[in-house]
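Understanding the architecture of this molecule
So the chains spell out like this:
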Protein chains: 2
Amino acid sequence: MIPLDFTHDPKTRSWIESANDPDSDFPIQNLPFTVFRPQGAGTAFRCGVAIGDQIIDLPMLAQIDGISTSLRTLAKLSASDSLAPIMRLGASGWRILRHDLFRLLTVDSTFKAPLRGCLVDQASAEFALPCVVSDFTDFYTSVHHARKTARALKPGSEPPANFYSMPMAYHGRSSTVRPSGSEVNRPQGQRWDKENDRAVYGPSTRLDYEIELGVLLGIGHKDSTPLPIDKAEQHIFGLCVLNDWSARDFQAWEGRPLGPFLAKNFATTLSPWIVTLDALRPYRCALRRESAPNPVLDYLDSELNSQHGAYPIEIRLALESSTMRKRGIEPQTLARVNFSGGQWTLAQMVTHHTANGCSLRSGDLLGTGTISGPGQHESGCLLELTKNGKEPITLKSGEKRAYVEDGDRVIMQAQCTAVGRRRIGFGTLSDTVVAAKQDHR
Amino acid sequence: MIPLDFTHDPKTRSWIESANDPDSDFPIQNLPFTVFRPQGAGTAFRCGVAIGDQIIDLPMLAQIDGISTSLRTLAKLSASDSLAPIMRLGASGWRILRHDLFRLLTVDSTFKAPLRGCLVDQASAEFALPCVVSDFTDFYTSVHHARKTARALKPGSEPPANFYSMPMAYHGRSSTVRPSGSEVNRPQGQRWDKENDRAVYGPSTRLDYEIELGVLLGIGHKDSTPLPIDKAEQHIFGLCVLNDWSARDFQAWEGRPLGPFLAKNFATTLSPWIVTLDALRPYRCALRRESAPNPVLDYLDSELNSQHGAYPIEIRLALESSTMRKRGIEPQTLARVNFSGGQWTLAQMVTHHTANGCSLRSGDLLGTGTISGPGQHESGCLLELTKNGKEPITLKSGEKRAYVEDGDRVIMQAQCTAVGRRRIGFGTLSDTVVAAKQDHR
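Computed from a predicted structure; not experimentally measured. Here the residue numbers are simple positions, counted from 1 along each chain's written sequence. Chains and ligands are labelled by the order in which they are written, letters from A for the one and numbers from 1 for the other. Only residues with pLDDT of 70 or above have their local features reported here, since the model is predicted, and side-chain atom pairs are shown and tallied only from 80 upward, although totals for entire chains, interfaces and linings are computed over all residues. Hydrogens and water molecules were not included; the side-chain quantities draw on all heavy atoms of the structure.

**Let's talk about the overall build of chain A**
Going along the chain from the N terminus, every DSSP run of H or I of four or more residues is numbered as a helix, and every run of E of two or more is numbered as a strand. When helices and strands are tallied, chain A shows 11 helices and 23 strands. Referenced to the eigenvectors of the C-alpha coordinate spread, the extents of chain A come out at roughly 75 × 55 × 45 Å. The buried share among the 441 residues of chain A stands at 63%. On chain A, roughly 16100 Å² of surface is accessible, and the fraction owed to carbon and sulfur atoms is 51%. Note that His is not counted, nor are the chain ends; the positive residues are Lys and Arg, and the negative ones are Asp and Glu. Working definition for charges: the position is that of NZ of Lys, CZ of Arg, CG of Asp or CD of Glu. The positive charge centre, built from 49 side chains, and the negative charge centre, built from 48, are 1 Å apart in chain A. Residue exposure (1.4 Å probe, protein chains only): buried if accessible area is under 20% of the type maximum, exposed if over 50%, otherwise partly exposed. Note on areas: Shrake-Rupley with a 1.4 Å probe; residue coverage comes only from the protein chains shown.

Right, here's the structure in full:
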């Protein structure tokens, strides 16, 4: 059994009423971290924690008499535009902060009056990246994504044999990881022009999203030896939603033999909130892994991992075209996927990353890879959903979509739920695609 | 014509006699930067510049009366373990520093006496990385490497069509970029065991080196539009020698479809000196590019680039086994390659990297990709030289080598030469492979 504590009790309510709304992403049991500032106020970014529809402005905690030493330390560490100092505290530090923040927010808290002065409306905030991203590694762990993309490109294909043997990955680009709310310029690049039998340079004609979770490492690893699988999660500060924007036409042309490069590194966007693994503990479950020809190799295997290594996080993706926006049509849900249906767990990804002695650093970002399910409405990208554009979908506005068009807003929301428990939400990742920027030459 | 100035005059001599030795890597015309400290002295790393067999301890310049304002600024910027503040000055700043340092060192310098107190013997120094590496991108630009590796794996193969259309690349890992003098632990990882028809985990059986140059960016780019090709080199602070250590058995198993990951990210090593492009100006030449089916696309093409875009840098690789070391046998040269025989120039690599709006940052490291020539003794890696181990070579000690063995020291040295000019050397990159580290589980 996974040990739980008082912060996981679903009956505990907060004196901040909006947190008790069953539809809130941020009940007192969640307490995710962010970097934010009040919009338009010209003030500096600082660290915060979500509760209901509010943000606790963490540096302000320093002004409250009688709070714990840990929270006083937290206030000091929170006064910059990065969660890095908090991330470096490690799992036991994160837990102490969770416990102390929780106590401030329960209905019987004695800090209600002074804490009111530390609250900022989420609706009036703007958000930054959680920290400077050190290295970004993107995995490939959903068997349904692997199979459906393979078949969209070549009917009857199966995932490659190595997919079943390890959580594969490629290195991504950290300089273009950006916070939610970005305008994503349609990238320009090279693609193969089949008709004219030559390469051409211009705006991508097959711009796609990919539904992923982002995994932010708080603690590095520098031992030259692999991390034991049951210790791997201790290095994870928390999770967010990640959109791995992809230009399929560039990817098809550049992908062999070195993998994705310019097809992916123009933009990777992250949702504002980092949900800790502690908040997700009560939801842990076994992975619904597809049976594989060979057993999992020892270094990737443990009882804890196989029985409780997964998190049933559901991610919903919706698209809103500029026409829909003008005509007041609600964003249209295109996919609902669940992270527990993958082939590999978070712990397996982290351990495999260190299998060769590769060092990890605080601030490293891992992507889970596109998360898909077997069904058509469980497609983590348009390449799957529209069979690489061959079967466009029809939006409620009557417009067709093979791939993402300029003006489209792509929205992702995630939550972790279980019977009898509050929902642990991830907030919203929302970005709008705009036309390719013209160059100056 | 490429404009030259007084710092390129091959007749100018230094009052530091060792710099006038024609066999020195570091004549007064070179002046490469480094981060160093006197060995064993317990002092902090700081920035330096090579001259002959000496290093100018740059922070010490602050103590010299009457030196230029620029050198006084340089002294201040040099007092940390990173070239980053100097790298951010940009091309015009780098040039002013080169001119002023050059004047300090000519035979008619009036600063000889005070400058003597700022010199440290190279032989007594240890070296660090030039800066924290932001993102590491490794290119694939030698047609001979592309062809010879393809044929080593499958006789009769040719480079893929996209190779001729753009300088392809993949993202590498910056956390494991390390300075010369490293002990490289043989990595462990997954490979396919053909005989038993299953994946196994263990030490790599096909550990390889790759001869590359490293390209350190001093100035970033954040415009969302491609860098014009003729401005691309202004972003390059300088070059060094790079060994892209590779585990061929892991690469074969993990490489499809996402490219190299754990096969490459256990170690990437850099030589200590960053040679500026200004020092290399007189040697610029046209690339000896292989004719391609289609013309180079506009954004990658310019007259300057096609006529003067290449640098004839020769890199020599030698191997010394532990037996050779014990028996006093000199390291054995296995390859001599020249960077001007590639398919793509530095400017083309930088511009292509930004073709999709990808941002670059000061501190980014690019690898040129393995540099090879057509001949057998122009093989940039053992995969080429031994035909993937099928044709092992014999060392002077009588030992055979299919791939790198534990105890082997791999040494690379580079230089740029031209008739009537001093040689611009890069110093030495030297690392020793040691046994796989046992894990604790």
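Read on for the rest.
**Observations regarding the sheet that holds strand β23 (residues 424–434) of chain A**
Residues and elements named next belong to chain A. The rule for pairing is simple: two strands pair if DSSP sees at least two bridges between them. Taken in spatial order, the five strands make up an open sheet running β9-β23-β22-β17-β18, and their pairing is mixed. A single partner strand is all that each edge strand has here, and the edge strands are β9 (183–185) and β18 (332–338). Taking each pair of neighbouring strands and ignoring which way they run, the sheet shows an average axis angle of 25 degrees. Both β9 and β23 contribute to a ladder of three bridges, which runs parallel. Axes, fitted as lines to C-alpha atoms, cover a helix only where it is in contact. Angles between the N-to-C directions of the axes lie from 0 to 180 degrees.

**Digging into the interface of chain A and chain B**
The contact criterion used throughout is that any non-hydrogen atoms of two residues lie within 4.5 Å. If you look at the interface, chain A gives 63 residues, while chain B gives 63 residues. When two parts are put together, the accessible area they lose, computed with a 1.4 Å probe and summed over both, is reported as buried area. Summed over the three residues of chain A that lose the most area to chain B, namely H171(A), L258(A) and F261(A), the buried surface amounts to 14% of that side. Salt bridges are identified by distance alone: a Lys or Arg side-chain nitrogen within 4 Å of an Asp or Glu carboxyl oxygen. The salt bridge involving R173(B) is made with D135(A); its shortest N-O contact spans 3.5 Å. Nitrogen and oxygen atoms within 3.5 Å of one another constitute a polar contact, given that in protein one can donate a hydrogen and the other can accept it, and given that sequence-neighbouring residues count only through two side-chain atoms. Inspection of the region where chain A meets chain B yields 35 residue pairs in polar contact (both at pLDDT 80 or more). If you list the elements that add at least two residues to the side of chain A that touches chain B, you get β6 (136–140), β7 (168–171), β10 (188–193), β11 (198–203), α6 (248–254) and α10 (346–353) of chain A. Note on residue categories: nonpolar means Ala, Val, Leu, Ile, Met, Phe, Trp, Tyr, Cys or Pro, charged means Asp, Glu, Lys or Arg, and polar means any other residue, Gly included. Within the side of chain A that touches chain B, the residues separate by chemical class into 26 nonpolar, 25 polar and 12 charged.

**Looking at the side chain of D278(A)**
Residue placement: D278(A) occurs in helix α7 (residues 277–280). Beyond its immediate chain neighbours, meaning those up to four positions away, D278(A) contacts H8(A), R95(A) and R98(A).

**Quick notes on the relation of the copies chain A and chain B**
Overlaid copies result from least-squares superposition on C-alpha atoms, with residues included only where pLDDT is at least 70 in both. Under the fitted operation, chain A is carried onto chain B by 0.0 Å of movement along the axis and a turn of 180 degrees, and the coordinates agree to an RMSD of 0.0 Å. Accordingly, the operation relating the two chain copies is best matched by a two-fold axis. By C-alpha distance to the rotation axis, the residue of chain A lying nearest is G259(A), at 2.2 Å. The overlap is high: 100% of the interface residues of chain A also sit at the interface in chain B, so the same surface is used on both sides.

**Things to note about the packing of aromatic side chains**
Stacked, tilted and edge-to-face pairs are distinguished by plane angle, under 30 degrees for stacked and over 60 for edge-to-face with tilted covering the rest, among Phe, Tyr and Trp rings (Trp via its six-membered ring) whose centres lie within 6.5 Å. Tallied over the entire structure, the rule returns 20 aromatic pairs over all chains. Pairing F6(A) with F102(A) gives two aromatic rings, centres 5.6 Å apart and planes at 80 degrees, and the pair type is edge-to-face. On the criterion of sequence distance, the pair formed by F6(A) in the segment before β1 (33–38) and F102(A) in helix α3 (residues 91–105) is long-range, its members being 96 residues apart. On the basis of an interplanar angle of 25 degrees and a centroid distance of 4.2 Å, the ring pair of Y299(A) and Y201(B) is categorised as stacked. Placement of Y299(A) in the loop between α7 and α8 (303–308) and of Y201(B) in strand β11 (residues 198–203) is noted, with the two residues assigned to different chains. Given a relative accessible area of 3%, Y299(A) falls into the buried group.

**What to know about the sheet that holds strand β5 (residues 125–127) of chain A**
Residue and element names in this part refer to chain A. One open sheet holds the five strands; their spatial order is β4-β3-β2-β1-β5, and the pairing between them is antiparallel. Among the strands making up the open sheet, the edge pair consists of β4 (119–121) and β5. For this sheet, the mean inter-axis angle between neighbouring strands, taken without regard to orientation, is 50 degrees. In terms of strand pairing, β1 meets strand β2 (residues 46–51) through four bridges, oriented antiparallel.

**A closer look at the packing of helix α1 (residues 69–77) of chain B against helix α3 (residues 91–105) of chain B**
Residue and element names in this part refer to chain B. At a minimum axis distance of 9 Å, the contact between α1 and α3 shows a crossing angle of 100 degrees. Overall, the two elements α1 and α3 adopt an arrangement that is roughly perpendicular. Between α1 and α3, the contacting residues are S70, L71 and L74 on the first element and I96, L97, D100, L101 and L104 on the second. Residues that form the contact of α1 with α3 fall into these classes: six nonpolar, one polar and one charged. Orientation labels follow simple angle bins: below 35 degrees gives roughly parallel, above 145 gives roughly antiparallel, 65 to 115 gives roughly perpendicular, and whatever is left gives oblique.

**Some remarks on helix α1 (residues 69–77) of chain A**
Residue and element names in this part refer to chain A. Residues of α1 that are buried include every one of L71, L74 and A75, and no others. One side of α1 holds all its buried residues, which, seen down the axis, span an arc of 100 degrees. Pointing more than 90 degrees away from the buried face of α1 are the exposed residues T69 and K76. Turning to α1, the residues buried within the fold contact β1, α2 (84–87) and α3. Here the arc refers to the directions that run from the helix axis out to each C-beta atom.

**Points about the pattern of salt bridges**
When their charged atoms lie close together, side chains carrying opposite charge are able to pair. Residues and elements named next belong to chain A. For the structure shown, the criterion picks out 56 salt bridges over all chains. Between D57 and R46 there is a salt bridge, with its nearest N and O atoms 2.4 Å apart. Linking D57 in strand β3 (residues 54–57) with R46 in strand β2, this pair joins segments that are 11 residues apart in sequence. Per residue, the accessibility class of D57 equals that of R46, and both read buried. Notably, a salt bridge pairs K148 with E384, separated by 3.1 Å at the nearest N-O pair.

**As for helix α10 (residues 346–353) of chain B**
Taking burial as the measure, the eight residues of α10(B) include eight buried ones, the bulk of the element. Those residues of α10(B) not exposed but buried are L346(B), A347(B), Q348(B), M349(B), V350(B), T351(B), H352(B) and H353(B).

**Details of the environment of G309(A)**
Residue and element names in this part refer to chain A. Tracing the sequence through the fold places G309 in the loop between α8 and β17 (313–320). Sequence spacing of G309 and W344 is 35 residues, and the spatial spacing of their C-alpha atoms is 8.8 Å. Excluding residues within four positions of it along the chain, G309 makes contact with E233, R284, C285, L304, T345 and L346.

**Digging into the pairing of β10(A)**
Where β10(A) and β11(A) come together, six bridges link them in antiparallel fashion. Across the sheet, the residue bridging to G189(A) is G202(A), located in β11(A).

**Some remarks on unusual backbone geometry**
Between R256(A) and P257(A) the backbone carries a cis peptide bond, its omega angle lying at 5 degrees. Relative to the elements of secondary structure, P257(A) occurs in the loop between α6 and β16 (268–270). Non-glycine residue K387(B) carries a positive phi angle of around 50 degrees. By secondary structure assignment, the location of K387(B) is in the loop between α11 (382–385) and β20 (393–394). Note on K387(B): relative accessible area 30%, which makes it partly exposed. In this structure, N388(B) takes a positive phi of about 60 degrees despite not being glycine. Inspection of the secondary structure puts N388(B) in the loop between α11 and β20. By relative accessible area, which is 18% here, N388(B) ends up buried.

**Let's talk about the environment of D193(A)**
All names here are of chain A. For D193, the location among the structural elements is in strand β10. On a C-alpha basis, the gap between D193 and I313 in space is 40 Å, while along the polypeptide they are 120 residues apart. Discounting chain neighbours no more than four positions away, the residues touching D193 are R198 and V200.

**Section: the side chain of K264(B)**
All names here are of chain B. Considering the arrangement of structural elements, one finds K264 in the loop between α6 (248–254) and β16 (268–270). Exposure remark for K264: the relative accessible area of 7% places this residue in the buried category. Among the polar contacts made by the side chain of K264, one reaches the side chain of D244 at a distance of 3.0 Å. Setting aside anything within four residues of it in sequence, one finds K264 in contact with Y170, E210, D244, W245, S246, R248 and Q251.

**As for the pairing of strand β14 (residues 236–243) of chain A**
Each regular strand carries side chains that alternate between the two faces of the sheet. Residues and elements named next belong to chain A. Burial analysis of β14 places eight of its eight residues in the buried class, the great majority of the element. Where strand β13 (residues 211–217) lies against β14, seven bridges are found, and the strand directions are antiparallel. The residue bridging V215 from the neighbouring strand is L239, located in β14. Relative to β16, β14 runs antiparallel, the two being bridged by two bridges.

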